[in-house]
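A closer look at the structure
The primary structure of each chain is shown beneath.
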Amino acid sequence: MQSQDTTAPAIETLQRLRHSGQIRAISLDLDDTLWPIWPTIAKAEAVLLQWLAQHAPGTAEHLGDTDKVRALRHEIVALRPDLKADLSGLRRESIRLALTRAGDDPALAEPAFDEFFAARQRVELFDDALPALQFLSQRWPVVALSNGNANVHVVGIGKHFRASLSASGAGMAKPETRFFQAAADAAGVAPEHVLHIGDDAELDARGAMDAGMHAVWLNRGQVAWPCVGPEPHVTVASLWQLCQGLADR
């Protein structure tokens, strides 16, 4: 079911927040908010397979294609629950498991992961991402808050962020309230003065609201609210719309 057009109400709500003085910092999701994540991961997994074909051909043959690479990544989630919030660790250990099963040197997991990780940073920003970062960072301190393992400095957008928090580095993940609190702390404000923006209804919007923040759900697909319970403070279809609502008037 498609949601109704919320452009005007969203802009009005954002304008009220803008003029209320309640917003003193921004926290911002990365994957699927600033760039599409799955095309990025698919390319990185292809790079990984190419590297393995040169350095561990038995493992590359055993894996075969990116679907099997991804299946092994899901398998390691069940085998290593201690790495639940560490996407880099999960990926590294899935590569190590593949090498071991194929009879190759498991120590190759480290350089193989490095190849994957470098490719994972080569993202293609949504058209509205860079203008939005420029707009937001000129007005408020911006903190990246991601369950992923992208490095904003390697991606090339680090100058727009006061700080960047990842689940891998923090040892916790959205929607955990403490993770949102850490973002507020990094911005130097209380959670009630943070506007959190992200694409995931449960992890971003609901998580931010539970932490006492103002929540913007970036709903690029314009689908109906999928969660049980109250909807977020604001829903926008693009970061262009977000900036339109937060612009000085």
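Residues numbered from 1 in each chain as written. Predicted model: local features only at pLDDT ≥ 70, side-chain atom pairs only at ≥ 80, totals over all residues. Heavy atoms only, no water.

Note the cut-off: UniProt positions are given in the numbering used here, feature names are shortened, and annotations may be inferred rather than shown by experiment.
The chain goes by Pyrimidine 5'-nucleotidase YjjG in an unreviewed UniProt entry, where it is assigned to Comamonas testosteroni. In its Cofactor (unreviewed entry) section, the UniProt record describing the chain reads: "Mg(2+)".

**A short note on the sheet that holds strand S5 (residues 214–218)**
In sheet architecture, strand pairing relies on hydrogen bonds along the backbone and comes in two forms, parallel and antiparallel. The line we're drawing: Strand pairing is defined by DSSP finding a minimum of two bridges between the two strands. Strands are runs of DSSP state E lasting at least 2 residues, helices are runs of H or I lasting at least 4, and numbering of each runs from the N terminus. Note on definitions: angles span 0 to 180 degrees between N-to-C directions of axes, and those axes are lines fitted to C-alpha atoms, for helices only across the stretch in contact. Pairs of residues are marked as contacts when any of their non-hydrogen atoms sit within 4.5 Å.
With parallel pairing, six strands are arranged side by side in an open sheet as S3-S2-S1-S4-S5-S6. Looking at the sheet topology across the chains shown, the edges are occupied by strand S3 (163–166) and strand S6 (234–236). Neighbouring strand axes in the sheet, compared pairwise and without regard to direction, differ in orientation by 20° on average. Both S5 and S6 contribute to a ladder of three bridges, which runs parallel. Opposite Trp217, over in S6, you have Thr235 as the bridge partner. Contacts from helix H1 (residues 7–20) reach strand S4 (194–198), S5 and S6, with the element oriented near 125° to S6.

**Details of the pattern of salt bridges**
Note the following rule: For this document, the term salt bridge refers to a Lys or Arg side-chain nitrogen within 4 Å of an Asp or Glu carboxyl oxygen.
One pass over the full model with this rule turns up 15 salt bridges. Across the pair Glu110 and Arg92 runs a salt bridge whose closest N-O atoms are separated by 3.2 Å. Separated by 18 residues along the polypeptide, Glu110 in helix H6 (residues 109–120) and Arg92 in helix H5 (residues 87–101) bring together distant segments of the chain. Salt-bridge contacts for Arg178 lead to Glu176; the nearest nitrogen and oxygen are separated by 2.5 Å. Several salt bridges converge on common partners, so that one network encompasses Arg80, Asp82, Arg92, Glu93, Arg96 and Glu110.

**Description of H5**
Formally: Here the expected span of a helix is defined as 1.5 Å times the quantity of residues minus one. Here's how the labels work: a residue is buried when its accessible area is under 20% of the maximum for its type, exposed when over 50%, partly exposed in between, all with a 1.4 Å probe on protein chains only. Distance and chemistry together define a polar contact, namely a pair of N or O atoms within 3.5 Å, with one atom able to donate a hydrogen and the other to accept it when in protein, and with adjacent residues in sequence counting only for side-chain atoms on both sides.
Its 15 residues give H5 an end-to-end C-alpha distance of 21 Å, which sits within 8% of 21 Å, the value for a rise of 1.5 Å per residue. Regarding H5, the residues found buried are Ser88, Gly89, Leu90, Arg91, Glu93, Ser94, Ile95, Leu97, Ala98 and Leu99. Among the residues of H5, the N-terminal cap falls to Asp86, whose side-chain oxygen and the backbone nitrogen of Ser88 are separated by 3.3 Å. Once H5 finishes, Gly103 follows within two positions and takes phi at roughly 80°, a positive value.

**So, the packing of aromatic side chains**
Where we set the bar: Two rings from Phe, Tyr or Trp (for Trp, the six-membered ring) form a pair when their centres are within 6.5 Å of each other. A pair whose planes differ by under 30 degrees is stacked, one over 60 is edge-to-face, and the rest are tilted.
Throughout the structure, instances matching the rule amount to three aromatic pairs. When the centroid spacing of 6.3 Å and the interplanar angle of 35° are considered together, the rings of Phe113 and Phe116 count as tilted. Linking Phe113 with Phe116, this pair stays in helix H6, spanning three residues, or about one helical turn. Residues Phe113 and Phe116 agree in their burial class; the two are buried.

**A short note on the domain arrangement of the chain**
The cut-off we apply is this: What marks off one domain from the next here is an automatic or database domain assignment. Put simply, buried area is the surface a 1.4 Å probe can reach on two separate parts but cannot reach once they are joined, added for both. Residue polarity is assigned by list, with Asp, Glu, Lys and Arg as charged and Ala, Val, Leu, Ile, Met, Phe, Trp, Tyr, Cys and Pro as nonpolar; anything else, Gly included, falls into the polar class.
The domain boundaries assigned to the chain delineate domain 1 (6–35 + 126–246) and domain 2 (38–121). With 14 residues of domain 1 at the contact, the number on the domain 2 side is eight residues. For the pair domain 1 and domain 2, the summed buried area comes to about 850 Å², and 45% of that belongs to carbon and sulfur atoms. Where domain 1 meets domain 2, there are one salt bridge. For Asp31, the salt bridge is made with Arg120, and the minimal N-O distance between the two is 2.8 Å. Our enumeration of links across domain 1 and domain 2 arrives at seven residue pairs in polar contact (both at pLDDT 80 or more). Across the side of domain 1 that touches domain 2, the residue classes tally to seven nonpolar, six polar and one charged.

**Some thoughts on the nonpolar core**
In globular proteins that are soluble, nonpolar side chains generally tend to be buried together. This is how the line gets drawn: The term nonpolar core refers to a set of buried residues drawn from Ala, Val, Leu, Ile, Met, Phe, Trp, Tyr and Cys, joined through side-chain atoms within 4.5 Å.
By size, the foremost hydrophobic cluster in this structure holds 57 residues, and its most contacted members are Leu34, Trp35, Leu52, Leu136, Phe161 and Leu242. Looking at this core element by element, the count peaks at seven residues for helix H2 (residues 37–55). With near-sequence residues (within four places) excluded, Leu136 lies in contact with Ile26, Val142, Ile197, Leu242 and Leu246. Residues Phe180, Ala208, Met209 and Met213 belong to the second largest nonpolar core, which totals 16 residues.

**Let's talk about the side chain of Ser27**
Mapping Ser27 onto the fold places it in strand S1 (residues 25–28). At a separation of 2.7 Å, a polar atom in the side chain of Ser27 contacts the side chain of His196. In contact with Ser27, not counting residues within four places along its chain, are Val143, Ala183, Val194, Leu195, His196, Ile197 and Met213.

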